[in-house]
Amino acid sequence: MTEPVDPYCADLVRKYDSDRYLLAMLASGPSRAGLLAVYAFNVEIVKIRESVSETMLGAIRLQWWRDAIDALYAGRGHDHAVIRPLGDAIERHGLSQALFHRLIDGRSADLDNAPPATLDILVAYADATSTPLILLALEVMGQGKEMTPLASDTGVAWALTGIVRAIPFHLREGWHYLPLDICARHGFAAKDLPAAMAQQRLSRVVREISDHAGQRIAAARSARDGVTRAMLPALLPVAFAACYQRRLRK
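Residues numbered from 1 in each chain as written. Predicted model: local features only at pLDDT ≥ 70, side-chain atom pairs only at ≥ 80, totals over all residues. Heavy atoms only, no water.

**So, the overall build of the protein chain**
Counting its secondary structure elements, the protein chain contains 14 helices and 0 strands. For the protein chain, whose C-alpha radius of gyration is 18 Å, the value lies close to the compact-globule estimate of 18 Å for 250 residues. Considering only C-alpha atoms, the protein chain reaches an extent of 60 × 45 × 25 Å along its principal axes. Counting every position in the protein chain, which comprises 250 residues, the buried fraction comes to 50%. Taking contacts inside the protein chain between residues at least 6 apart in sequence as the whole, the part at least 24 apart equals 73%. (Helix = DSSP H or I, 4+ residues; strand = E, 2+ residues; numbered from the N terminus. Rg over C-alpha atoms; globule rule 2.2 N^0.38 Å. Buried < 20%, exposed > 50% of the residue type's maximum accessible area, 1.4 Å probe, protein only. Contact = heavy atoms within 4.5 Å.)

This is the structure in structure tokens:
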């Protein structure tokens, strides 16, 4: 029997993560509700960075979500609008508790205003905040951990592309995710953004990040063996990333 989609989760994902909402709508009926519940959880923890004024408040909210996830796996329910349908998805699809913890732990880096020192650190952040979500989506559709390498390439490509697309917003907020080693190599500093030369330097920084995203896109596309049609809603973010990268290069 098809599990009914929770309207709150659907509205939340449609408003804040429209790409994943579209992909969830492409999934089969039995998977759709689970995907939207997982994606709504992700929206909630992503929003924490922008909704708190102090690091401690953000840490408290992340801990609340850790405790809420642990309560679900301990068999204790919750009336929260996202936790309730998420608990149904966990029970129905046997989702891995560790993947939720990895997402929450990855988001703890959002509470630090300091940009990553190197591209490797940025890639590790992208992996921590995106790959577990793709693995959870695959679990909703009955797939196992054998897809982890493909999920990692897809997740990193998607997250790096999202970071690049969000640069104007982040700079307006007074922070960014641009690796300091790349910025230094191209003479870019966020405070210099209004200058025409800074725009050119920023473009060079963005190109280095996008080049790595492109490598991950190519790796994901070359690892199609064993990918079934049912898995595509979880793995199609790589196609979205490729489309956005083409626009960025123009």
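**Thoughts on helix H6 (residues 83-93)**
Considered for burial, the residues of H6 that qualify are Ile83, Pro85, Leu86, Gly87, Ala89, Ile90 and His93. Of the residues flanking the end of H6, it is glycine 94, one or two places downstream, whose phi is positive at about 65 degrees.

**Observations regarding the confidence of the model for the protein chain**
Of all residues in the protein chain, 96% attain a pLDDT of 70 or more, and the chain-wide mean is 90. Summarising per-element confidence for the protein chain, the mean pLDDT is lowest in helix H10 (residues 167-172) (84) and highest in helix H7 (residues 97-107) (97). (pLDDT = per-residue confidence, 0-100.)

**Let's talk about the pattern of salt bridges**
Think of it this way: side chains of opposite charge can pair up when their charged atoms draw near. Counting across every chain of the model gives 7 salt bridges. Here arginine 249 makes a salt bridge to aspartate 211, at a shortest N to O gap of 2.8 Å. Note that arginine 249 is positioned in helix H14 (residues 237-249) and aspartate 211 in helix H12 (residues 196-222), a separation of 38 residues in sequence. (Salt bridge = Lys/Arg side-chain N within 4 Å of Asp/Glu carboxyl O.)

**Section: the packing of aromatic side chains**
Two measures describe an aromatic ring pair: the distance that separates the ring centres and the angle between the ring planes. For the structure on display, the rule yields 8 aromatic pairs. Between tryptophan 158 and phenylalanine 240, the ring centres sit 6.3 Å apart and the planes meet at 70 degrees, which makes this aromatic pair edge-to-face. Highlighted residues: tryptophan 158 in helix H9 (residues 148-165) and phenylalanine 240 in helix H14, separated in sequence by 82 residues. With relative accessibility at 12%, the residue tryptophan 158 sits in the buried group. The exposure class assigned to phenylalanine 240 is buried, which follows from its relative accessible area of 18%. A network of ring pairs unites the aromatic residues Phe41, Trp64, Trp65, Tyr73 and Phe100 as a single cluster. Here the basic side chain of arginine 165 rests over the ring of tyrosine 244, its NZ or CZ set 3.5 Å away from the ring centre. (Phe/Tyr/Trp six-rings, centres within 6.5 Å; stacked < 30°, edge-to-face > 60°. Lys NZ or Arg CZ within 6 Å of the ring centre and 35° of its normal.)

**Describing the packing of helix H5 (residues 55-73) against H6**
Any two packed helices are characterised by how steeply their axes cross, that is the angle between the axes, and by the distance between the axes. Relative to each other, H5 and H6 sit at 45 degrees, their axes nearing to 10 Å. As judged from the angle between their axes, H5 and H6 are oblique. In the crossing of H5 with H6, the sense of the turn from one axis to the other is right-handed. Of H6, the residues touching H5 (which contributes Trp64, Trp65, Ala68, Ile69, Leu72 and Tyr73) are Ile83, Leu86, Gly87 and Ile90. (Axes fitted to C-alpha atoms, helices over the stretch in contact; angles between N-to-C directions. Parallel < 35°, antiparallel > 145°, perpendicular 65-115°, else oblique. Left-handed = near helix turned anticlockwise from the far one by under 90°.)

**A word on H9**
The first and last C-alpha atoms of H9 sit 25 Å apart over 18 residues, in line with the 26 Å expected at 1.5 Å per residue. Where burial is concerned, most of H9 is hidden: 14 out of the 18 residues are buried. (Expected span 1.5 Å × (residues − 1).)

**Observations concerning the environment of aspartate 112**
Within the element layout of this structure, aspartate 112 appears in the loop between H7 and helix H8 (119-140). Using a relative accessible area of 47% as the deciding quantity, one classes aspartate 112 as partly exposed. Here the alpha-carbon distance between aspartate 112 and methionine 147, two residues 35 residues apart in the chain, equals 31 Å.

**A closer look at a positive patch on the surface**
Taken together, the side chains of Arg165, Arg221, Arg224, Arg246, Arg247 and Lys250 present a region of like positive charge at the surface. Among the structural elements, arginine 221 can be located in helix H12. (Patch = residues over 30% accessible without salt bridge, like charges linked within 9 Å, V, L, I, M, F, W, Y side chains within 5 Å. Areas by Shrake-Rupley, 256 points an atom, 1.4 Å probe, with all protein chains shown as cover. Lys, Arg positive; Asp, Glu negative; His and termini not counted. Charge placed at Lys NZ, Arg CZ, Asp CG, Glu CD.)

**Considering the packing of helix H3 (residues 29-46) against H7**
Between H3 and H7, whose axes approach to 10 Å, the crossing angle comes to 20 degrees. Accordingly, the angle class assigned to the pair H3 and H7 is roughly parallel. Crossing of H3 over H7 shows right-handed handedness. Touching Phe41, Asn42, Ile45 and Val46 of H3 are Phe100, Leu103, Ile104 and Arg107, all from H7.

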